[in-house]
Amino acid sequence: MLKPVDATTTPAWATLTQLHQELEPDLRSWFDSDPDRAERLSYELGDLFVDLSKNLLTDEVRDALVALAEQVDVPGRRDAMYAGEHINVTEDRAVLHTALRRPATDSLTVDGQDVVADVHATLEKIYAFARRVRSGEWTGVTGKRIETVVNIGIGGSDLGPVMVYEALKPYVQEGLSARFISNIDPNDCAEKVKDLDPETTLFIIASKTFTTLETLTNARMARDWFLGALQAKGVPTEGAIAKHFVAVSTALEKVEAFGIDPVNAFGFWSWVGGRYSVDSAVGTVLAVTVGPEAFAEFLDGFHTVDEHFATKAPAENVPMLMGLLNVWYRNFFKAATHAVLPYAQYLHRFPAYLQQLTMESNGKSVRWDGSPVTTETGEVFWGEPGTNGQHAFYQLIHQGTELIPADFIAVANPAHPTKDGDKDVHELFLANYLAQTAALAFGKTAEEVRAEGTPEAIVPARVFAGNRPTTSILAPALTPSVVGQLIALYEHITFTEGIVWGIDSFDQWGVELGKKLALEIAPAVGGDEQALSTQDASTRQLIARYRAERRDA
């Protein structure tokens, strides 16, 4: 096994340590003394304009970060990932989410299989199915068109599809809509199906192994609702499951046992991690609702960023630079969180999507060879859309005691241009996007506060220190391609950080223990006294309290 380089032992790390000790951030003077700063630290990435100039970044820091990437071999590990080497070492797997969006003219043989050919064969099957549903050729058991698609999954099989569906709502075919069931809390399923017509509803069950506890529990509840609702309408149920349920899975025997025709099962591969799978068959709900053409554009957006990340030198490589900046803040400024603030309401689920992508990937305390990490890893990613967040948590970012780097994302052209009288509402919206990054960067001095006539006693409360780092990302519009570009950008940011920290960003063993214990505790919750007796005192107490409170137990 190739051992990871300990980043803290590199010459670049020593340089960064010294630069951090000597750094006196002053974005005001940096901009005043360097008229070219904004242009020099801004980059084009596909349709994305990425401005890094309001970061705590000097030329010396940038050069040292680039040197760090080279000394820990981020480019080499990147190339190994693209080539299909088994860089997911704890599971001995290739990491090939980038193959999901390679054009059909490409070829990549991994473990004896042309994975690009496999991907496109699956895509064509998905597209053919999507066209049948969208055209009305595929009907329910009573011959009615499908109007609602319900995706049942969890983790990457939910967070990705629901985020992209919300982002691309203007592209959804009229007369079609999607809903998403993920939480094992029975209220989630109950609320999502209670007003649906079973004759016009199609369910997609997304579980690679068709054993995921939450997904299969929800699938059975949905099936029970569906059959009961049909019976209540006097509709025969024979053969109905096959007309109203399809699967995203490779476990064809289990799919068939559920009642789904295996012909209507769309598979994906072990080299696709759940949090990287929205552009695989997991996105079937998207191909149906926004259409194959839009989904193909979505994949093209990913591929645009993949090509940039694969070919650009570190000093010009936007995802690599952004990942290195995150290392700079996490390891040298001890920034424990990172805000992502989309000024686009359709991206309201993007921060939640990034939580899984980044925190499940890089929330690790051992390196890929099993040795302990040598510095902090991972950040808590969080955020909400602007301008809502301005009236909630921006106070903490502006004047709190912790440094919180923030990414601001906006589009120039909204799907619904609207005026308030003679004022363009989107321009007002974008003025807030621009004002917040300026305020965070440049702040407000005590002299400026006094000049406004503020009483001296409250001057300190109105001072803004500034020098709060932000990255601004601007796209022409929220198209399928742009959404793909944004996702791929953060995928490669996450990868870059993981390589610097020497961790395997593609396993998630920390998720497994809670799942295992839940299965062991479930009998105790259900009243098994022997199982109860094996639990710790706190768990026993909570179970007893639950059973006493549960009215229908």
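All figures in this text were calculated on a predicted structure; none of them were measured in a lab.

Comments concerning the sheet that holds strand β8 (residues 245–248)
Hydrogen bonds between backbone atoms are what pair the strands of a sheet, whose relative direction is either parallel or antiparallel.
Reasoning step 1: Spatially, four strands are ordered β6-β5-β7-β8 in an open sheet, and the strand pairing comes out parallel. In this open sheet, the two strands that pair with only one neighbour each are β6 (177–181) and β8. In this sheet, adjacent strand axes meet at a mean angle of 20° when their direction is disregarded.
Reasoning step 2: Looking at chain direction, strand β5 (residues 148–152) and β6 are connected through five bridges and run parallel. Looking at β6, one finds that Asn 151 is bridged to Phe 180.
Reasoning step 3: Relative to the sheet, helix α8 (residues 186–193) contacts β6 and β7 (201–206), its axis offset from that of β6 by approximately 165°.
Reasoning step 4: Strands in contact with helix α9 (residues 213–232) are β5, β6, β7 and β8; relative to β7, the strand with the most contacts, it is inclined by about 160°.

Notes on unusual backbone geometry
Reasoning step 1: Of note, the amide linkage connecting Gly 386 to Thr 387 takes the cis form, showing an omega dihedral of 10°.
Reasoning step 2: Phi is positive for Asp 92, close to 50°, though the residue is something other than glycine.
Reasoning step 3: Structurally, Asp 92 can be placed in the loop between α5 (74–83) and β3 (109–110).
Reasoning step 4: Not every positive phi belongs to a glycine, and Asn 467 is a case in point at roughly 55°.
Reasoning step 5: Tracing the chain through its elements places Asn 467 in the loop between α18 (446–451) and β14 (470–477).

Remarks on empty space enclosed by the protein
Rolling a probe over the atoms, with the probe sized like a water molecule, indicates the empty space that remains.
Reasoning step 1: Using the criterion set out here, one finds five cavities of 30 Å³ or more in the structure.
Reasoning step 2: Of the volumes computed, that of the largest cavity is approximately 80 Å³.
Reasoning step 3: What lines the largest cavity is a set of 15 residues, and nearest its centre among them are Asn 55, Asn 326, His 338, Asp 407 and Thr 471.
Reasoning step 4: Those elements that provide at least two residues to the lining of the largest cavity are α14 (318–332), β11 (406–413), β14 and α19 (480–501).

Details of the sheet that holds strand β10 (residues 380–382)
Reasoning step 1: One open sheet accounts for six strands, arranged β1-β2-β14-β11-β9-β10; its pairing is mixed. Pairing within the sheet leaves two strands with one partner each, and these edge strands are β1 (42–45) and β10. The sheet shows a mean angle of 20° between the axes of neighbouring strands, direction not considered.
Reasoning step 2: With seven bridges joining them, β11 and β14 adopt parallel strand pairing. Residue pairing across strands places Ala 410 opposite Leu 474, the latter belonging to β14.
Reasoning step 3: Of the strands in this sheet, β9 (337–343), β10 and β11 are in contact with helix α15 (residues 350–362), which crosses β10 at around 165°.
Reasoning step 4: In the packing of α19 onto the sheet, contacts are made with β1, β2 (48–51), β9, β10, β11 and β14, and the angle to β14 comes to roughly 155°.

Thresholds applied
Residues numbered from 1 in each chain as written. Predicted model: local features only at pLDDT ≥ 70, side-chain atom pairs only at ≥ 80, totals over all residues. Heavy atoms only, no water. Pairing = 2+ DSSP bridges. Helix = DSSP H or I, 4+ residues; strand = E, 2+ residues; numbered from the N terminus. Axes fitted to C-alpha atoms, helices over the stretch in contact; angles between N-to-C directions. Contact = heavy atoms within 4.5 Å. 1 Å grid on protein atoms, 1.4 Å probe; cavity = no way out; pocket = protein on both sides within 12 Å on 5 of 7 lines; lining within 4 Å. Points joined across faces, edges and corners; volume = space filled by probe spheres on them.

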